[in-house]
Every structure is written in structure tokens, then in C-alpha cells.
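What follows is the residue order along each chain.
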Amino acid sequence: GGQTWSNARFLSVNASGNPARNDQFFPWVAAAGNGSLYAIWFDRRLAPGNVRINTWEARSPNGGVTWTSRRISTRSWNPNKGFFSSGAFIGDYNGIAVSSTNVYPVWTDGRNNAIARTGIGETDIFTDVESR
């Protein structure tokens, strides 16, 4: 019920269990009625220059004691083409919701931008409906 808390844990870890390199940002967490937890965030761990963004998700079946994570975006994208070089704002939030049967992560993604043609940054909204 939120009255006690454990020590902080990194959800974005590499294969060795150490914190992932580069930036991770805009997290969102949701809880299922059975105590399972779900999180989503933008992650640059796969970007050598700490620019390109992927979306990651983590799951905990036991109230946060243990977590597994995976990349849920199918391609990385460059925020300079989707937002920053056009003067657009990247936004503040990703989202995730949980029902009794599914998990619904939602995020913005600039992989399909048309900045070279239009000069305007743009993003699309993506989701990955997942069975629990």
C-alpha cells in the first residue's frame, strides 16, 4: 500500500546486471491488481553517441522484488529529426496501463519524420498490446 519502500533499483540494466549506459528518461509505472508492476521509458543504451532513442519496458511479477526488461520499439529514432532541430518539444510522458488480461504501453516515436521534406519535426504514437 505504499507505506514501506525498498532500496532503489535500476530497471535499465545491461546483461551483467549493471546500470545501462547513456540516458534513460520519461518513465511511467503501472500496477496490476495482483501486485505485478510494469514500467516503460525512453532509453539510449544502444546508441553509441547517446542520441538515438528506443523504448523499453520492464515487468515485475512480485511487487518489484525482481524485474525483467526488454526493448519494445522495433526501431530507434533520432530526436534531433523528430523534435529538437525543428524547434518542437519532445514532450514529457510515455504511458502504460494494465488490465486483467493485457498491458498497454504507449509512446511517441519520430522514426517516420519528414523533416527533410517539410522542415517540421513530427512523431507518431505507438503501442504494443501485450497479453499478461
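See the structure above.
Residues numbered from 1 in each chain as written. Predicted model: local features only at pLDDT ≥ 70, side-chain atom pairs only at ≥ 80, totals over all residues. Heavy atoms only, no water.

**What to know about the side chain of Arg111**
We apply this condition: In DSSP terms, a helix is any run of H or I states spanning at least four residues, a strand is any run of E spanning at least two, and both are numbered starting from the N terminus. In the analysis that follows, any N or O atom pair within 3.5 Å is treated as a polar contact, provided that within protein one partner can donate a hydrogen and the other can accept it, and provided that, for residues neighboring in sequence, both atoms belong to side chains. Here, residues are in contact when the closest pair of their heavy atoms is within 4.5 Å.
By secondary structure assignment, the location of Arg111 is in the loop between strand E6 (102–109) and helix H2 (115–118). A polar atom in the side chain of Arg111 sits 2.8 Å from the side chain of Thr74. Of the polar contacts made by the side chain of Arg111, one reaches the side chain of Asp109; its length is 2.8 Å. In contact with Arg111, not counting residues within four places along its chain, are Ser73, Thr74, Arg75, Ser76, Trp77 and Phe126.

**Side note on unusual backbone geometry**
For clarity, the cut-off: When accessible area is computed with a 1.4 Å probe and restricted to protein chains, residues below 20% of their type maximum are described as buried, those above 50% as exposed, and intermediate ones as partly exposed.
Despite not being glycine, Phe26 shows a phi value in the positive range, around 55°. Inspection of the secondary structure assignment puts Phe26 in strand E1 (residues 24–31). We note that Asn50 has phi near 60°; this positive angle belongs to a residue other than glycine. Tracing the sequence through the fold places Asn50 in the loop between strand E2 (37–43) and strand E3 (54–60). Judged by its relative accessible area of 23%, Asn50 is partly exposed.

**Observations concerning the packing of aromatic side chains**
Formally: By convention, a stacked pair of Phe, Tyr or Trp rings (six-membered ring in the case of Trp) has centres within 6.5 Å and planes under 30 degrees apart, an edge-to-face pair has planes over 60 apart, and any other such pair is tilted.
Here the structure, examined in full by the defined rule, presents six aromatic pairs. Ring geometry for Phe25 versus Phe42: centroids 5.6 Å apart, planes at 65°, classification edge-to-face. With Phe25 in strand E1 and Phe42 in strand E2, the pair connects residues that are 17 residues apart, well separated along the chain. An angle of 85° between the planes, with centres 5.7 Å apart, marks the rings of Trp28 and Tyr93 as edge-to-face.

**Considering the nonpolar core**
Operational definition: The set of buried Ala, Val, Leu, Ile, Met, Phe, Trp, Tyr and Cys residues whose side-chain atoms join them within 4.5 Å is what this entry labels a nonpolar core.
In terms of nonpolar packing, the biggest core is built from 16 residues, with Phe25, Phe42, Ile53, Trp77, Ile90, Ile96 and Trp107 touching the most fellow members. Where this core is concerned, the elements lending two or more residues are E1, E2 and E6.

**Describing the pattern of salt bridges**
Spelled out, the test is: Throughout this description, the term salt bridge denotes a Lys or Arg side-chain nitrogen within 4 Å of a carboxyl oxygen of Asp or Glu.
Taken as a whole and judged by the stated rule, the model has seven salt bridges. One salt bridge in this structure joins Arg59 and Glu130, with 2.6 Å as the shortest N-O distance. With a gap of 71 residues between them, Arg59 in strand E3 and Glu130 in strand E8 (residues 130–131) connect regions that are remote in the sequence. Relative accessible area serves as the criterion here: at 23%, Arg59 is assigned to the partly exposed category. Glu130 sits in the buried class, given a relative accessible area of 6%. A cluster of three or more residues bridged by salt bridges with shared partners is formed by Glu57, Arg59, Arg70, Asp128 and Glu130.

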